[in-house]
Amino acid sequence: MTSNGSAVPMTKSIPFLDLRIDSEPLRTELLEAVQDVFRHGRFILGPEVQQLEEELGRYCGRAFAVSVNSGTDALYLALKSLDIGPGDEVVTTALSWIATANAIALTGATPVFADIRPDLNIDPDSVRQLISSNTKAILPVHYTGKICEMDEILEIATSHQLHVIEDASQAFGASLDNRRAGSFGTVSCLSMNPMKVLAACGEAGMVFTDRAEIDARLRSLRYNGMVDREVCTEPSLNGRMDTLQAAILLRRLKYVGPVIDARRRIAAQYSEHIARFVDVPSERPNQRDVYYTYTIQTDRRDELQTHLETAGIEVKVRDPILMPDQPAYRDGVRGSFPTAGRLIDRLLCLPASERMTPDDVDYVIQHIQSFFR
Ligand SMILES: *Cc1c(COP(=O)(O)O)cnc(C)c1O
């Protein structure tokens, strides 16, 4: 019997993610958006870019939103906009996609790696211990789509006069005490690459702030440090968003609410049936997670992965190496991350795309149950 009482199903193939756009109405709508851009021909900084900046700024409750061409650029330019560079330290988490550490290192600053808590987010106590006279900022990452302990992080930042740069790449639409991801940092960053909750059909990112001077600096930094198209005030890169991506994102933004609801339903279905066997993500009453990944923890991770893959279920070990343990960083790393070191080999991401049906989720549940029984 399955968890919902039906007979054992035939073998299925469950992809981890399916990024194809095969819904006919959505495809038509996105193609119309693309055609609008073809008609006006303003492929860079066209009207859709400005509209997306306004709508996302409103969504995240920020005065300014500056579109850029990836989440990585968003982080790098955010750090630059706060004058972070050589000699400075930025305290971040040991567990994230490597772009987080790379953005810090590329400014010339030094990433310092803090530990995580069992919820996989940065541990504020660890941050406190790592602050030095060189620390300029804290860079928390809302890992898996769960917002960090921002009350504590903001308190630490205030008491030490540090900036907070928020990496909200995995948490678009998540909230903490009804405050949305992207609303907490001096500067906040978002990726909208095709895997993210709000997904472009290519690379895209956004930077948020409430300060006009940072907004102006970001607009210059994302275009070769140019001011008024003639004067270059500092060297920088070209990191502007394509109008085509903005046009697509505007349409997709309309459906992001239902996407998040679907992901939350899938997470709830998993958690109800597998919490007896593995550690499942937990949510406090003041948290609303978006489950960018549904990440479980088990000491038998590798065996379970093989078992599920044999059943046609694609699972993923998302960031198998802690950032400070990467060859690019491991020599002379500053930080302390024992919990991250203990948990890193226990993490497994289950398929949790909003396109999965309850039967698909049930199929995965059954194979997890059969493994542990
Ligand atoms: C995806 C991601 C990024 C980078 O975003 P890109 O748009 O792929 O450059 C940065 N940080 C985290 C936590 C991410 O998940």
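So, here is what we can say about the structure in this document. (Residues numbered from 1 in each chain as written. Predicted model: local features only at pLDDT ≥ 70, side-chain atom pairs only at ≥ 80, totals over all residues. Heavy atoms only, no water.)

A word on the packing of aromatic side chains
Inference 1: For the structure shown, the criterion picks out 7 aromatic pairs.
Inference 2: Between Arg 180 and the ring centre of Tyr 59, over which it is positioned, the NZ or CZ distance is 3.7 Å.
Inference 3: Over the ring of Tyr 223 we find Arg 240, and its NZ or CZ is 3.7 Å from the ring centre. (Phe/Tyr/Trp six-rings, centres within 6.5 Å; stacked < 30°, edge-to-face > 60°. Lys NZ or Arg CZ within 6 Å of the ring centre and 35° of its normal.)

Thoughts on the sheet that holds strand E12 (residues 287-288)
Inference 1: With antiparallel pairing, 3 strands are arranged side by side in an open sheet as E7-E6-E12. If you trace the sheet from one side to the other, it starts and ends with strand E7 (179-180) and E12, each paired once.
Inference 2: Summarising the sheet, strand E6 (residues 175-176) and E12 pair through 2 bridges and their orientation is antiparallel. Counterpart to Leu 176 in the pairing with E12 is Gln 287. (Pairing = 2+ DSSP bridges. Helix = DSSP H or I, 4+ residues; strand = E, 2+ residues; numbered from the N terminus.)

With respect to the sheet that holds strand E1 (residues 64-68)
Each strand in a sheet pairs with its neighbour through backbone hydrogen bonds, running either in the same direction (parallel) or in the opposite one (antiparallel).
Inference 1: Spatially, E1-E9-E8-E5-E4-E2-E3-E14 is the arrangement adopted by the 8 strands of the open sheet, whose pairing is mixed. The strands lining the two open edges of the sheet, one partner per strand, are E1 and strand E14 (334-335).
Inference 2: Pairing of strand E8 (residues 187-191) with strand E9 (residues 205-209), which is carried by 5 bridges, proceeds in the antiparallel orientation. Residue Ser 191 lies in a different strand from E9, and its bridge partner there is Gly 205.
Inference 3: The sheet contacts of helix H2 (residues 47-60) involve E1 and E9, and relative to E9 the element is tilted by about 55°.
Inference 4: Strands in contact with helix H7 (residues 212-221) are E1, E8 and E9; relative to E1, the strand with the most contacts, it is inclined by about 15°. (Contact = heavy atoms within 4.5 Å. Axes fitted to C-alpha atoms, helices over the stretch in contact; angles between N-to-C directions.)

Focus: the pairing of E8
Inference 1: Among the 5 residues that make up E8, 5 are buried, leaving the element largely enclosed by the rest of the structure.
Inference 2: Alternating residues of E8 divide into Val 187, Cys 189 and Ser 191 and Ser 188 and Leu 190, and every residue in both groups is buried.
Inference 3: Direction of pairing for strand E5 (residues 163-167) relative to E8: parallel, over a ladder of 3 bridges. Within E8, the residue paired with Asp 167 across the bridge is Cys 189. (Buried < 20%, exposed > 50% of the residue type's maximum accessible area, 1.4 Å probe, protein only.)

Let's talk about the site of the ligand
Inference 1: In the region of the ligand, 15 residues are neighbours, and Gly 71, Thr 72, Asp 167, Ser 191 and Lys 196 sit closest.
Inference 2: In this structure, a nitrogen atom belonging to the ligand sits 2.7 Å away from a side-chain N or O atom of Asp 167.
Inference 3: Asn 193 places a polar side-chain atom, nitrogen or oxygen, 3.0 Å from an oxygen atom of the ligand.
Inference 4: Within the complex, the protein chains bury 94% of what would otherwise be the 380 Å² of accessible surface of the ligand.
Inference 5: Elements represented by at least two residues in the shell around the ligand include exactly helix H3 (71-81) and helix H4 (99-106).
Inference 6: Broken down by element, the residue count for the shell around the ligand peaks at 3 residues, all from H3.
Inference 7: Across the shell around the ligand, the residue classes break down as 4 nonpolar, 9 polar and 2 charged. (Near = heavy atom within 4 Å. Polar contact = N/O pair within 3.5 Å; in protein donor to acceptor, adjacent residues only side chain to side chain. Areas by Shrake-Rupley, 256 points an atom, 1.4 Å probe, with all protein chains shown as cover. Nonpolar A, V, L, I, M, F, W, Y, C, P; charged D, E, K, R; others polar.)

Quick notes on the nonpolar core
Inference 1: Among the nonpolar cores identified, the biggest contains 47 residues, and Leu 56, Phe 172, Met 192 and Met 206 are the most heavily contacted of them.
Inference 2: Contributions of two or more residues to this core are made by H2, strand E3 (110-114), helix H5 (124-130), helix H6 (150-160), E9, helix H8 (243-253) and helix H9 (256-274).
Inference 3: At 5 residues, the largest contribution of residues to this core is made by H2.
Inference 4: Not counting the four nearest positions on each side in its chain, Leu 56 is found in contact with Phe 172, Met 192, Leu 198, Met 206, Phe 208 and Leu 253.
Inference 5: Judged by nonpolar contacts, the second largest core, of 25 residues, contains Ala 267, Ile 274, Tyr 294 and Phe 371. (Core = buried A, V, L, I, M, F, W, Y, C linked by side-chain atoms within 4.5 Å.)

Some points on helix H1 (residues 24-40)
Inference 1: Taking 1.5 Å of rise per residue, the 17 residues of H1 would be expected to cover 24 Å, and the 25 Å separating its terminal C-alpha atoms lies within 8% of that figure.
Inference 2: The complete set of buried residues in H1 reads Glu 29, Leu 30, Ala 33, Val 34 and Val 37. Buried residues of H1, viewed axially, fall in a sector of 135°; they line one side. Across from the buried face of H1, at angles greater than 90 degrees, the exposed residues are Pro 25, Phe 38 and Arg 39.
Inference 3: Close packing links the buried residues of H1 with H2 and H8. (Expected span 1.5 Å × (residues − 1). Arc of directions from axis to C-beta.)

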